[in-house]
Amino acid sequence: QVQLVESGGGLEQAGDSLRLSCAASGRALSSYAMGWFRQAPGKERECVAAISRSGGTTYYSDSVKGRFTICRDDAKNTVYLQMNSLKPEDTAVYYCAATRVLSVPRSTLLYDYWGQGTQVTVSS
């Protein structure tokens, strides 16, 4: 079993940048593909970025493509989400998740482990 802890959220202004971190413990992160999800009030949880076990394949939702970057540092057992050019519509609780599924799944149903989430608020 793997435990995930997100950090780095906060209150930012539109156009700012923010980097989220997801630290894993319990098992080596290299055994898992990783995803970053977000959930805004009244909305479903959506996958904004995912990265394969090897790091060779990534996925980005259309809403963040070109602005967000997911990367992993297996030596540090940590996954990051670099968020640039933040917009008010990026406001949400951000979660990282881990899955043993190959490639980069986008469905919440395919992820086995979840962090507690970190709040990101972007003001206009």
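Higher on the page you've got the structure.
Residues numbered from 1 in each chain as written. Predicted model: local features only at pLDDT ≥ 70, side-chain atom pairs only at ≥ 80, totals over all residues. Heavy atoms only, no water.

Focus on the state of the cysteines
Thought 1: In the structure shown here, the tally under the stated rule is one disulfide.
Thought 2: Between the sulfur atoms of Cys 22 and its disulfide mate Cys 96 the distance is 2.0 Å. In this structure the cystine formed by Cys 22 and Cys 96 twists about its S-S bond by roughly 55°; its chirality is therefore right-handed. Taken together, the residues span a long stretch of sequence, with Cys 22 in strand 3 (residues 18-25) and Cys 96 in strand 9 (residues 92-99) at a distance of 74 residues.
Thought 3: The buried category is assigned to Cys 22, whose relative accessible area is 0%.
Thought 4: Judged by its relative accessible area of 0%, Cys 96 falls in the buried class. (Disulfide = S-S within 2.5 Å. Helix = DSSP H or I, 4+ residues; strand = E, 2+ residues; numbered from the N terminus. Buried < 20%, exposed > 50% of the residue type's maximum accessible area, 1.4 Å probe, protein only.)

A look at unusual backbone geometry
Thought 1: Residues other than glycine seldom take positive phi values, yet Asn 77 does so here, at roughly 55°.
Thought 2: Turning to its location among the elements, Asn 77 is positioned in the loop between strand 7 (68-73) and strand 8 (78-83).
Thought 3: The phi dihedral of Ser 103 falls on the positive side, at around 70°, and the residue is not glycine.
Thought 4: Within the fold, Ser 103 resides in the loop between strand 9 and strand 10 (113-114).

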